[in-house]
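Okay, here's what each chain looks like letter by letter:
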Amino acid sequence: KAVPLLLPLTGVLVPLGFLTLGSALLWAPLARALAWPLVWLTSLLTHLAAWFAAIPHGSYRIPAPPPWAMLAFFASFAALAITRWKPARIAAAAVLLASAAIIAIYPFAPALHPSNLEITALDVGQGDALVVVSPLGRTMLIDGGGSFAGGPMAEAARAGGPEPGEDAVSPYLWSRGIQRLDIVALTHAHQDHIGGLRAILDNFQVGRLWIGREITARAQVALEEQARRRKIPIEHERSGDAADWGGARMEVLWPEAASAAPATEAQNNDSLVLRLSYGRRAFLLPGDIERQAEAALLAQAKEANLAADVLKAGHHGSRNSTTEEFLARVHPQLALISAGAENPYGHPSAEMLARLEAARVRVLRTDRNGAIQVLTNGENLEVSCFAGCAGAGNR
């Protein structure tokens, strides 16, 4: 990463910029004189950044270093610039190099919850992005959010608005010191699920890319090509696949193997459906499946294969998902709904919310509660919300 080289330059540019602005109020000729080195240094900074970015695999992203590392870097840089005593300069240079190496390498362990199975529904607007961490510290991202093609959120993105993979999912992972994702799973290739994943593949070390049904839609083809360039194995998951995953049990419940040629467009009912269990607790993550796929699951699955304490409501709380029959089989305590505030699709629907209320299921929503984290040690559930959730705690 270019930070150890560019940060000192930034450290000169910022005070010089303020000095130039301040001097313009006092004496314009002085401001013009200061502006020349300011312009030159700014140009140097942008050219250096572009040069580093153009080096294949020469740029990578890391979490923000701890404050003490940044303090050590700037303090040693200042000491090296000010002091003339040789032993002090040697010591300052050594601290500068050590702190620069720490910033660039980031050798710190991620902030996880040992011996707990975790799911965090991130607030990515009208889309899905779920962070899953196993009891032994394996990491998975299911979908990456994205602006839905053709909708008002897509217009906002084209106008320079937020991009969930870069501006929401990546910063959250970095805030916890996560640099590697063992699995990135795409439930289906609708833009509000796949749109942020290209940034994720750029920003993190990814062990495997999971997809359900193979389709020829442009977005999925581009994501798979990106994965191949980065030598990330692509695995197709199908109903019946199951394995121990970092101390938890992971089952793939849907989709079934397709007999026909790959479809040209993604369908909600082709979503990858996962069930994770740990001890006495389980999470069911059905992507965007609707009543047709729910009915197929009910017809083929044993009751134990669908039962879950926590259900991520299908299709952002659409009225065509989370049917009464499906709810009766899953019998969740808690439903998580990932939806954007005042979204144009009416999610979550009043009908679906009424079904959850009738089933006495507690509801948390990213549009109201922000990011929602659920932890289980195999016995209890611990719930917390970024914007607060009434009654959060052990259950």
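Everything discussed here concerns the structure shown above.
Since the model is a prediction, treat every value here as computed from it, not as a measurement. (Residues numbered from 1 in each chain as written. Predicted model: local features only at pLDDT ≥ 70, side-chain atom pairs only at ≥ 80, totals over all residues. Heavy atoms only, no water.)

K.L.:
Can you lay out empty space enclosed by the protein for me, pointing to particular residues and giving the numbers?
P.N.:
Considering all chains together, one arrives at two cavities of 30 Å³ or more under this definition. Taken as a whole, the largest cavity spans an internal volume of roughly 70 Å³. Taken together, Leu 186, Thr 187, His 188, Ala 189, Ile 211, Gly 212, Arg 213, Ile 215, Gln 220, Ala 266, Gln 267 and Asp 270 make up the lining of the largest cavity. When the residues that make up the lining of the largest cavity are grouped by side-chain class, the tally is five nonpolar, five polar and two charged. Reported here for the second largest cavity is a volume of approximately 50 Å³. (1 Å grid on protein atoms, 1.4 Å probe; cavity = no way out; pocket = protein on both sides within 12 Å on 5 of 7 lines; lining within 4 Å. Points joined across faces, edges and corners; volume = space filled by probe spheres on them. Nonpolar A, V, L, I, M, F, W, Y, C, P; charged D, E, K, R; others polar.)

K.L.:
Residue-level account of the sheet that holds strand E7 (residues 242-245), with values.
P.N.:
Pairing in this open sheet of seven strands is mixed, and the strands run E7-E8-E9-E10-E11-E12-E13 from one edge to the other. With partners counted over all chains shown, the strands left at the sheet margins are E7 and strand E13 (362-365), one partner each. Neighbour-to-neighbour, the strand axes of this sheet turn through a mean angle of 20°, independent of strand direction. With respect to the sheet, helix H10 (residues 291-300) is in contact with strand E8 (248-254) and strand E9 (273-278), its orientation differing from that of E8 by roughly 115°. (Pairing = 2+ DSSP bridges. Helix = DSSP H or I, 4+ residues; strand = E, 2+ residues; numbered from the N terminus. Axes fitted to C-alpha atoms, helices over the stretch in contact; angles between N-to-C directions. Contact = heavy atoms within 4.5 Å.)

K.L.:
Could you give an account of the pairing of E13, naming the residues involved and the relevant values?
P.N.:
With four bridges connecting them, strand E12 (residues 334-337) and E13 associate as parallel partners. Paired with Leu 334 across the two strands is Arg 362, which belongs to E13. Traced from E12 through helix H13 (residues 350-358) to E13, the parallel crossover comes out right-handed. (Right-handed = clockwise from strand over helix to strand, strands pointing away.)

K.L.:
So what's going on with the sheet that holds strand E1 (residues 117-121)? Residues and values would help.
P.N.:
Taken together, eight strands build an open sheet; the order of strands is E6-E5-E4-E3-E2-E1-E14-E15 and the sheet is mixed. A single partner strand is all that each edge strand has here, and the edge strands are strand E6 (234-236) and strand E15 (381-385). Averaged over all pairs of adjacent strands, the angle between strand axes in this sheet comes to 20°, irrespective of strand direction. Summarising the sheet, strand E4 (residues 180-186) and strand E5 (residues 205-211) pair through six bridges and their orientation is parallel.

K.L.:
Break down the side chain of Asp 309 for me, citing the residues and quoting the values.
P.N.:
Structurally, Asp 309 can be placed in the loop between helix H11 (303-306) and strand E11 (310-312). Polar side-chain contacts of Asp 309 include one of 3.0 Å to the side chain of Arg 281. Here the side chain of Asp 309 touches Ala 282 through a polar contact of 2.8 Å, landing on its backbone nitrogen. Ignoring sequence-local partners within four residues, the contact set of Asp 309 consists of Arg 280, Arg 281, Ala 282, Pro 332, Gln 333, Leu 334 and Leu 381. (Polar contact = N/O pair within 3.5 Å; in protein donor to acceptor, adjacent residues only side chain to side chain.)

K.L.:
Report on helix H3 (residues 67-82), specifying residues and quantitative values.
P.N.:
Three- or four-residue spacings in an α-helix give side chains the same orientation, since the helix completes a turn every 3.6 residues. Over its 16 residues, H3 runs 22 Å from end to end, which matches the ideal 22 Å to within 8%, given 1.5 Å per residue. Residues Ala 69, Phe 73 and Ser 76 constitute the buried set of H3. Along H3, the residues classed as buried sweep out an arc of 75° about the axis, all on the same side. Pointing more than 90 degrees away from the buried face of H3 are the exposed residues Pro 67, Leu 71 and Ile 82. (Expected span 1.5 Å × (residues − 1). Buried < 20%, exposed > 50% of the residue type's maximum accessible area, 1.4 Å probe, protein only. Arc of directions from axis to C-beta.)

K.L.:
Outline the packing of H3 against helix H4 (residues 86-105), listing residues and values.
P.N.:
Close contact between H3 and H4 brings their axes to 8 Å; oriented N to C, the two are set at 150°. Considering how the two elements wind past one another, H3 and H4 form a crossing that is left-handed. Contact with H3, carried on its side by Trp 68, Ala 69, Met 70, Ala 72, Phe 73, Ser 76, Phe 77, Ala 79 and Leu 80, involves Arg 89, Ala 92, Ala 93, Val 95, Leu 96, Ser 99, Ala 100, Ile 102 and Ile 103 of H4 and no other residues of that element. Classifying every residue of the contact of H3 with H4 by side-chain character gives 15 nonpolar, two polar and one charged. (Left-handed = near helix turned anticlockwise from the far one by under 90°.)

K.L.:
Requested: an account of the state of the cysteines, with residues and values cited.
P.N.:
Inspection of every chain in the model, using the stated rule, returns one disulfide. In this model, Cys 385 is linked to Cys 389 through a disulfide, with the two sulfur atoms separated by 2.2 Å. Taking the sign of the torsion about the S-S bond as the criterion, the disulfide between Cys 385 and Cys 389, at about 100°, is right-handed. (Disulfide = S-S within 2.5 Å.)

K.L.:
Account for H13, naming residues and giving values.
P.N.:
Inspection of H13 places Met 352, Arg 355 and Leu 356 among the buried residues, and these make up the whole buried set. Down the axis, H13 shows its buried residues gathered within 95° of arc, on one side only. Opposite its buried face, H13 presents the exposed residues Ala 350, Glu 357 and Ala 358, each directed more than 90 degrees away. On its buried side, H13 packs onto helix H12 (324-330), E12 and E13.

No statement about biological role is implied by the geometric values presented.
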